[in-house]
Amino acid sequence: LEKECAAQIGSLKDEHRRQQRLFADERNKIARANHELHGLIAALEDQVDRLSGHRVSGLMAQVEQQGEQIQRLSQRRTLNQRTVSDANLADRRAKMYKERAETAEAQLLSYAAQNLDDDA
C-alpha cells in the first residue's frame, strides 16, 4: 500500500510538473504575443504621429498659401483703389479746369462786350 501511495504521489508529482511546464510554455507564448502586440501598437502610434504631422504640415501650407493670396488680393485692391482715386481726382480736376475755362470765357465775352459798347 505504501508503494502504491508512493507511486501515485510520484505520478501526481510528475503530472504536476508537466502541468507547470505547460503553464510556463503558455505563459511564455502569451508574453511573446504581448511583446509583439506592444511593438505593433508602438509602430501604429508612430504611423499615426507621422500622418498627423503630414496633415498638420499640409494644413499649415494651405494656411500659408491662403495668407499669400489674401496679401496679393489686398495689394490688388489697394492698386484698384488708387486707380479709382486717381481717376476721381482727374475727373475733379477736369471739371475744375472746365469751370475755370467757362468763367474765363464768360469774363472775356463780358469784357469784349463792354469794349464794344465803349467803342460804339
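For the structure itself, look to the data block above.
Residues take numbers from 1 onward in each chain, read along the sequence in its written order. In view of the model being predicted, local features appear only for residues whose pLDDT reaches at least 70, and side-chain atom pairs are presented and counted only at 80 or more, with totals across whole chains, interfaces and linings using the full set of residues. The side-chain quantities take in all heavy atoms of the structure and omit both hydrogens and water.

A. Here's a closer look at the overall build of the protein chain. In this text, helices come from DSSP runs of H or I with a minimum length of four residues, and strands from runs of E with a minimum of two, each type numbered from the N-terminal end. A tally of regular secondary structure across the protein chain gives one helix and zero strands. All radius of gyration figures rest on C-alpha atoms, and the globule criterion is 2.2 Å times the number of residues raised to 0.38. Computed over its C-alpha atoms, the radius of gyration of the protein chain comes to 51 Å, more than 25% above the 14 Å expected for a compact globule of 120 residues. Exposure is judged per residue with a 1.4 Å probe applied to protein chains only, and the accessible area is read against the type maximum: over 50% gives exposed, under 20% gives buried, and values in between give partly exposed. Within the span of the protein chain, comprising 120 residues, buried residues form 0% of the whole. Roughly 11300 Å² of accessible area belongs to the protein chain as shown, and the carbon and sulfur atoms make up 56% of that amount. Areas reported here follow the Shrake-Rupley algorithm with a probe of radius 1.4 Å; residue values treat only the protein chains shown as occluding.

B. Just the pattern of salt bridges, in detail. For this document, the term salt bridge refers to a Lys or Arg side-chain nitrogen within 4 Å of an Asp or Glu carboxyl oxygen. Taken as a whole, this structure holds four salt bridges when the rule is applied. K29 serves as the salt-bridge partner of E26, at 3.8 Å between the closest nitrogen and oxygen. You can see E26 and its partner K29 sitting in helix α1 (residues 2-119), three residues apart, about one turn around the helix. Looking at K29, the relative accessible area reads 46%, which means it is partly exposed.

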